[in-house]
Amino acid sequence: MTMPSERTRSVIQTREFLIELSRNTNFPETTRRQAKQLLRHYPSQIEMLDAGQLEEHLTDGTIFQPIFSSAIERL
């Protein structure tokens, strides 16, 4: 079972991967362009951590669990 902090870290690392991919001239221009287009609407690290904090607050005292976390272990 994936923990919220693992899921959050994965999304953040995927953004970092897309940034690297978009800048790597070893890849075709179409691949780099697509990575840039995906990044336009991809959440930043602060947005992910804020979403985790909101979910933790909204699910506190309920039977529901947050999907994302407001904290991640060291990247």
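Here's a quick rundown of the structure. (Residues numbered from 1 in each chain as written. Predicted model: local features only at pLDDT ≥ 70, side-chain atom pairs only at ≥ 80, totals over all residues. Heavy atoms only, no water.)

## Describing the packing of helix α1 (residues 4-23) against helix α3 (residues 45-59)
Item 1. The contact between α1 and α3 brings their axes to 10 Å, and the two run at 160 degrees. Here α1 lies roughly antiparallel to α3, going by the angle between them. Seen along the crossing, α1 lies across α3 with a hand that is right-handed. Of the residues in α3, those touching α1 at Thr8, Val11 and Ile12 are Gln45, Met48 and Leu49.
Item 2. The residue makeup of the contact of α1 with α3, split by class, is four nonpolar, two polar and no charged. (Axes fitted to C-alpha atoms, helices over the stretch in contact; angles between N-to-C directions. Helix = DSSP H or I, 4+ residues; strand = E, 2+ residues; numbered from the N terminus. Parallel < 35°, antiparallel > 145°, perpendicular 65-115°, else oblique. Left-handed = near helix turned anticlockwise from the far one by under 90°. Contact = heavy atoms within 4.5 Å. Nonpolar A, V, L, I, M, F, W, Y, C, P; charged D, E, K, R; others polar.)

## What to know about helix α2 (residues 29-39)
Item 1. Among the residues making up α2, those that are buried are Arg32, Ala35 and Leu39. Looking straight down α2, one finds its buried side chains confined to an arc of 60 degrees; they lie on one side.
Item 2. For α2, the secondary structure elements touched by its buried residues are α1. (Buried < 20%, exposed > 50% of the residue type's maximum accessible area, 1.4 Å probe, protein only. Arc of directions from axis to C-beta.)

## What to know about the environment of Ser10
Item 1. Here Ser10 is to be found in helix α1.
Item 2. You can call Ser10 partly exposed: its relative accessible area is 40%.

## Let's talk about the nonpolar core
One broad rule of soluble globular proteins: the nonpolar side chains tend to lie buried together.
Item 1. Judged by nonpolar contacts, Val11, Ile12, Met48, Leu49 and Phe68 together constitute the single largest core of five residues.
Item 2. What Leu49 contacts, discounting residues up to four positions off in sequence, is Thr8, Ile12, Ser69, Ser70, Ala71 and Ile72. (Core = buried A, V, L, I, M, F, W, Y, C linked by side-chain atoms within 4.5 Å.)

## Side note on the packing of α1 against α2
Item 1. The contact between α1 and α2 brings their axes to 8 Å, and the two run at 145 degrees. Considering how the two elements wind past one another, α1 and α2 form a crossing that is left-handed. Along the contact surface, α1 presents Arg15, Leu18, Ile19, Leu21, Ser22 and Arg23, while α2 presents Thr31, Arg32, Ala35, Lys36, Leu38 and Leu39.
Item 2. When the residues that make up the contact of α1 with α2 are grouped by side-chain class, the tally is six nonpolar, two polar and four charged.

## Overview of the side chain of Arg32
Item 1. With respect to the helices and strands, the residue Arg32 is situated in helix α2.
Item 2. Arg32 sits in the buried class, given a relative accessible area of 14%.
Item 3. A polar side-chain atom of Arg32 sits 2.9 Å from a polar atom in the side chain of Glu29.
Item 4. Setting aside anything within four residues of it in sequence, one finds Arg32 in contact with Leu21, Ser22, Arg23, Asn24, Thr25 and Phe27. (Polar contact = N/O pair within 3.5 Å; in protein donor to acceptor, adjacent residues only side chain to side chain.)

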